[in-house]
Amino acid sequence: DEQKISLVENIFMGFNRLSIQDVSPNAMQPLHEKINDNEFYLMFNGEVYNFLDLKKTNPKIKDLNYKSNSDTEVLSKLYLNYGFEKTLDLLNGMFAFCIYDKKNQKVFLARDIFGQKPLYYYYNDNTFITASEIKGITSYLDKIEPDFFGSLNPILQTGISASNFTMFKNIKRLLPGETLILDLKTAKITTKKYLKAITGYKWTLSVCLRCLKLGCS
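In this text, all values refer to a predicted model and were calculated from it rather than measured experimentally. (Residues numbered from 1 in each chain as written. Predicted model: local features only at pLDDT ≥ 70, side-chain atom pairs only at ≥ 80, totals over all residues. Heavy atoms only, no water.)

A. Summary view of the packing of aromatic side chains. Evaluation of the coordinates by the stated rule reveals 8 aromatic pairs. An angle of 80 degrees between the planes, with centres 6.2 Å apart, marks the rings of Phe84 and Phe97 as edge-to-face. Taken as a pair, Phe84 in helix H3 (residues 84-90) and Phe97 in strand E5 (residues 93-101) lie far apart in primary sequence, 13 residues in all. Both residues of the pair, Phe84 and Phe97, belong to the buried class. Ring plane angle 25 degrees and centroid distance 6.3 Å describe the contact between Tyr121 and Phe128, whose orientation is recorded as stacked. Among the aromatic residues, those joined into a ring-pair cluster are Phe40, Tyr79, Phe84, Phe95, Phe97 and Phe108. (Phe/Tyr/Trp six-rings, centres within 6.5 Å; stacked < 30°, edge-to-face > 60°. Helix = DSSP H or I, 4+ residues; strand = E, 2+ residues; numbered from the N terminus. Buried < 20%, exposed > 50% of the residue type's maximum accessible area, 1.4 Å probe, protein only.)

So, in structure tokens, the structure goes:
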């Protein structure tokens with residue numbers, strides 16, 4: 001429905017918005033939060049199913065001033081008050097999001113445990129790009145190198161694709177239930193699964209099989 005672009009120092013952020021929860025300009029992304037010395041930008045794709053419940057009952061965010069009725073702003077308040085990992089424990093939904101924390105000079109990525117919303121990233125020669133589609137990354141690259149072996153090898157070995165490789169060199173997909181942290185000070189990337197966030201699910205056979213297929217465990 002709308003598009004917004006933010007440029008902060010050497011960080012470029014763009015977002016194409018499909019308005020669902022809140023169609024007002026206050027819900028536009030990238031969402032910018034600056035409170036005291038904390039400052040960050042949030043780009044979110046998906047839906048937080050329990051955002052209204054969190055907004056009304058969570059002790060740290062229920063009495064805050066909100067500019068919109070969006071789940072994105074609730075997510076931003078959670079991050080501001082709980083940090084990255086604890087926020088993931090509180091979310092129930094399907095999502096992929098990116099946070100650029102200007103104060104701490106870090107970039108955070110996360111996907112929900114079933115991976116319903118895609119997220120890809122590229123990192124090479126001190127250039128980091130993330131997008132919900134591969135073409136959102138390749139359009140910024142001068143040279144695109146194929147990597148057919150890296151993407152097909154897991155499928156040939158196991159019959160399923162639980163790998164983070166894609167068909168392009170240096171472009172990877174964030175796996176379901178996985179987080180990525182890029183430290184801009186050290187240029188170091190760390191990825192890991194957030195297992196605490198899946199403990200609230202009822203583990204039926206169908207859920208377990210889906211997690212096995214998507215690499216949730």
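So much for the structure itself; the text now carries on.
B. Geometry of the pairing of strand E3 (residues 31-35). Pairing of E3 with strand E4 (residues 38-48) involves 5 bridges; the strand directions are antiparallel. Residue pairing in the sheet places Glu33 in a bridge with Phe40 of E4. Hairpin connection from E3 to E4: 2 residues lie between these consecutive antiparallel strands, with Asn36 at a positive phi of about 55 degrees. (Pairing = 2+ DSSP bridges.)

C. Just the sheet that holds strand E11 (residues 188-193), in detail. What the 6 strands build is an open sheet, ordered E3-E4-E5-E6-E10-E11; its pairing is antiparallel. At either end of the open sheet lies a strand with only one pairing partner, and these are E3 and E11. Neighbour-to-neighbour, the strand axes of the sheet open up by a mean angle of 15 degrees, direction not taken into account. Relative to E11, strand E10 (residues 178-183) runs antiparallel, the two being bridged by 6 bridges. By the bridge assignment, Glu178 is partnered in E11 with Lys193. Helix H2 (residues 71-82) rests against E3, E4, E5 and strand E6 (106-111) of the sheet, and its axis sits at about 135 degrees to E4. (Axes fitted to C-alpha atoms, helices over the stretch in contact; angles between N-to-C directions. Contact = heavy atoms within 4.5 Å.)

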